[in-house]
Amino acid sequence: MSGPSSHYELRLGLSLLRRSHTVALLTPVLLLTAALLWALLGDEAALGGVLEALTSAATEGSPSGRFHAWALLVLSPVGAVMLLLLHRARLRISIRGLEGYLPAWTGFGLQGLTTGRFLATWNEVESVSLQSGGRFSRALDAVRGARLVVRTRDGRISLSPFVWVERNGADHRLTLTEALRSGAGDGTAWVMRSPLVQALEGRGYDVRTADASEPSPLAEGYDLARHRGMVALMSVMALAGGYGLVDGFATGPYQALEPVPLWPFAMAAAVAVALAAVLGRGAPTAERMGVGALAVAAVVAAVHPAMLRVNGATGTPHTVMYTVSGPGTLSPPDSAWPAIDLGDRNLTEYWQEHPPGTEHPMTLVKGVAGFHQLDSRPLFERTRAFYRRR
């Protein structure tokens, strides 16, 4: 590390693990995602085929399929842009002082951290202290909760010291083995080896000295990561929301042709409310209500694609000859089958080639959920071939 008379920059790390270990941990997840796409799209799993399949689902799919396809098409680049913008976060230590930038939209402000642009010249710094923000049962929790508070004449700057990594320097963060073997403790030794703490100690500040009477910076904003129940609740929210997005897109070809039963939604809502009430105990009311409401909404939203999935998996597909009665509307051969309305799909030219009175094969499924749903995949194959010819 450079000496105190020179300057160097720190970048914001997105994980407590070293970059190489994070990549090794995420690689199986990425491979599993790629395998899922390959299984869902078959021969169209190449990049061009994936984009074509997404675009087709966004324009020709069912309302549910279009929603999830558009969500994937829009949120993926938005997420990429957010990651790129997050790399703009920086921390510079120079002869002048400590200056940095942390985007406010990252949500770090809710954890009591300083966001936006800040500058503390050395002649303005009055004290530097390392605070844990509370008692922790695991070393990893202590590392996340540690706050380096730089108090100046005009206020203070609160930073999470361990996540700042020296640019173009050695990565001080944890190995996967260290993280897995972390047990009880305060994690102070790990925090003290961070470049930010060492740089300030190199300038003569006794970082180990903390004023016990000084309030924790976390008092200005509740750190949800400190509450295990809230972490579990946010995990439920992420898993349910992720399932609703992924499986909702995967089941996009399915369209309910009859009213779906309401009791699965009510049961899922009741279970989610009870779970939120139990896991949220001990958290502030506002955070408990906010995260709980989002978790319940995510669970309830995941019920619809789950029902389509179960209903499709437990039923036997039947190919039924329907009669076209108008653009996108089809009449069943008898009352045992429901009518089909595809008028909300962008297939105007296709239906012009199939005028009223012509017959059209449609694939229907009825499983344990007890309602008929349309399997649009055979139809999609015909419409894609039609538009390719055009």
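Residues numbered from 1 in each chain as written. Predicted model: local features only at pLDDT ≥ 70, side-chain atom pairs only at ≥ 80, totals over all residues. Heavy atoms only, no water.

## Let's talk about unusual backbone geometry
So the rule is basically this: Each helix is a run of DSSP H or I of at least 4 residues and each strand a run of E of at least 2, with the numbering of both proceeding from the N terminus.
Of note in the backbone geometry, N168 takes a positive phi value of approximately 60 degrees without being a glycine. Along the chain, N168 turns up in the loop between β8 (164-166) and α5 (176-181).

## Digging into the packing of helix α9 (residues 263-279) against helix α10 (residues 285-314)
For any two helices packed against each other, the geometry comes down to the angle between their axes and how far apart the axes lie. For clarity, the cut-off: To define axes, lines are fitted to C-alpha atoms, for helices over the stretch in contact only, and angles between the resulting N-to-C directions are given on a 0 to 180 degree scale. Throughout this description, any angle smaller than 35 degrees is read as roughly parallel, any larger than 145 degrees as roughly antiparallel, any in the 65 to 115 degree range as roughly perpendicular, and the remainder as oblique. Definitions for this section: a left-handed crossing has its near helix turned counterclockwise from the far helix by less than a right angle. A right-handed crossing has that turn clockwise. Should any heavy atoms of two residues lie within 4.5 Å, those residues are counted as being in contact. Polar here means any residue other than Ala, Val, Leu, Ile, Met, Phe, Trp, Tyr, Cys and Pro, which are nonpolar, and Asp, Glu, Lys and Arg, which are charged; Gly is therefore polar.
Two elements in contact, α9 and α10, have axes separated by 9 Å at closest approach and are oriented at 150 degrees. One finds that α9 runs roughly antiparallel with respect to α10. Relative to α10, the crossing made by α9 is right-handed. Between α9 and α10, the residues in contact are P264, F265, A268, A269, A272, V273, A276 and A277 and R288, G292, V296, V299, V300, V303, H304 and M307, respectively. Among the residues forming the contact of α9 with α10, the class breakdown is 13 nonpolar, 2 polar and 1 charged.

## Concerning the pairing of strand β14 (residues 372-375)
The following threshold applies: Three exposure classes are used, based on accessible area relative to the maximum for each residue type with a 1.4 Å probe and protein chains only: buried under 20%, partly exposed in between, and exposed over 50%. Here a strand pair is declared whenever DSSP counts at least two bridges between the two strands.
Burial along β14 is two-sided: H372 and L374 and Q373 and D375, pointing in opposite directions, are all buried. The pairing of strand β9 (residues 254-256) with β14 spans 3 bridges and is classified as antiparallel. What sits directly across from Q255, in β14, is L374.

## Topic: the pairing of strand β6 (residues 147-152)
A large share of β6 lies buried, amounting to 5 of its 6 residues. Relative to β6, strand β5 (residues 125-131) runs antiparallel, the two being bridged by 6 bridges. Its bridge partner being in β6, V125 is matched across the sheet by T152. The pairing of β6 with strand β7 (residues 156-159) spans 4 bridges and is classified as antiparallel. Pairing of V149 across the sheet is with S158, part of β7. In this structure, the hairpin formed by β6 and β7 is closed by a connection of 3 residues, where G155 is found at a positive phi of approximately 160 degrees.

## A closer look at the sheet that holds β7
Across the sheet, which stays open at both edges, the 3 strands sit in the order β5-β6-β7 with antiparallel pairing between neighbours. Two strands in the sheet have a free side with no partner beyond their single neighbour: β5 and β7. Each strand axis lies, on average, 15 degrees off the axis of its neighbour in the sheet, ignoring direction.

## Thoughts on the confidence of the model for the chain
Threshold: Across the chain, each position has a pLDDT score giving the predictor's confidence in that residue, from 0 to 100.
Per-chain confidence: the chain averages 79 in pLDDT, with 75% of residues scoring 70 or above. This stretch, residues 42-47, has a pLDDT under 50; its non-local contacts, to residues over four places away or in other chains, come to 9 contacts. Low confidence marks residues 133-137, where pLDDT is under 50. Its contacts with residues over four positions away, or in another chain, come to 14 contacts.

## Concerning the sheet that holds strand β2 (residues 90-93)
What links the strands of a sheet is backbone hydrogen bonding, and the strands pair in either a parallel or an antiparallel sense. Strand order in the open sheet formed by 5 strands is β4-β3-β2-β1-β8, and the pairing between neighbours is antiparallel. Looking along the sheet, the strands with just one partner apiece sit at the ends: β4 (116-121) and β8. The average angle at which neighbouring strand axes cross in this sheet is 20 degrees, direction not considered. Where strand β1 (residues 8-12) meets β8, 3 bridges bridge the pair, whose relative direction is antiparallel. What sits directly across from L12, in β8, is W164.

## A word on the packing of aromatic side chains
As a reminder of what qualifies: Stacked, tilted and edge-to-face are the three classes applied to pairs of Phe, Tyr and Trp rings, where Trp contributes its six-membered ring and a pair requires centres within 6.5 Å; stacked means planes under 30 degrees apart, edge-to-face means over 60, and tilted covers the rest.
Across all of its chains, the model carries 4 aromatic pairs by this definition. Summarising the aromatic geometry, the rings of Y350 and W351 are spaced 5.2 Å apart at their centres and angled 75 degrees between planes, so their arrangement reads as edge-to-face. Owing to a relative accessible area of 3%, Y350 belongs among the buried residues under this scheme. Following the ring pairs from residue to residue traces out a cluster consisting of Y350, W351, F386 and Y387.

## Details of a nonpolar patch on the surface
Quick note on the threshold: To count toward a patch, a residue needs a relative accessible area above 30% and no salt bridge. Like charges then connect within 9 Å, nonpolar side chains (Val, Leu, Ile, Met, Phe, Trp, Tyr) within 5 Å. Computed by Shrake-Rupley with a 1.4 Å probe, the accessible areas treat only the displayed protein chains as cover when residues are assessed. One side-chain nitrogen of Lys or Arg within 4 Å of one carboxyl oxygen of Asp or Glu is enough to make a salt bridge.
Judged by side-chain polarity, W263, M267 and V271 come together as a nonpolar surface patch covering roughly 370 Å² of accessible area. Tracing the chain through its elements places M267 in helix α9.

## Notes on the environment of A272
By secondary structure assignment, the location of A272 is in helix α9. On the accessibility criterion, A272 (7% relative accessible area) is buried. With 23 residues separating them in the primary sequence, A272 and A295 have C-alpha atoms 7.2 Å apart.

## Topic: the pattern of salt bridges
Under the counting rule described, the total for this entry stands at 4 salt bridges. The closest approach of N and O atoms between R92 and E9, which form a salt bridge, is 2.5 Å. Placement of R92 in strand β2 and of E9 in strand β1 is noted, with a sequence separation of 83 residues between them. Overall, R92 belongs to the partly exposed group, its relative accessible area being 31%. On the basis of relative accessibility, which here comes to 23%, the residue E9 falls in the partly exposed class. R173 is the salt-bridge partner of D171, the closest N and O atoms lying 2.9 Å from each other. Exposure remark for R173: the relative accessible area of 3% places this residue in the buried category. Within the structure, one salt-bridge network assembled from shared partners comprises E9, R92 and R167.

## Points about the side chain of S160
As for its position among the elements, S160 is in the loop between β7 and β8. Here S160 falls in the buried class, since its relative accessible area comes to 9%.

## Some details on the environment of V300
Relative to the helices and strands, V300 is located in helix α10. Considering only alpha carbons, one finds V300 and A270, 30 residues apart in sequence, at a separation of 9.6 Å. Aside from chain neighbours lying at most four places away, what touches V300 is F265 and A269.

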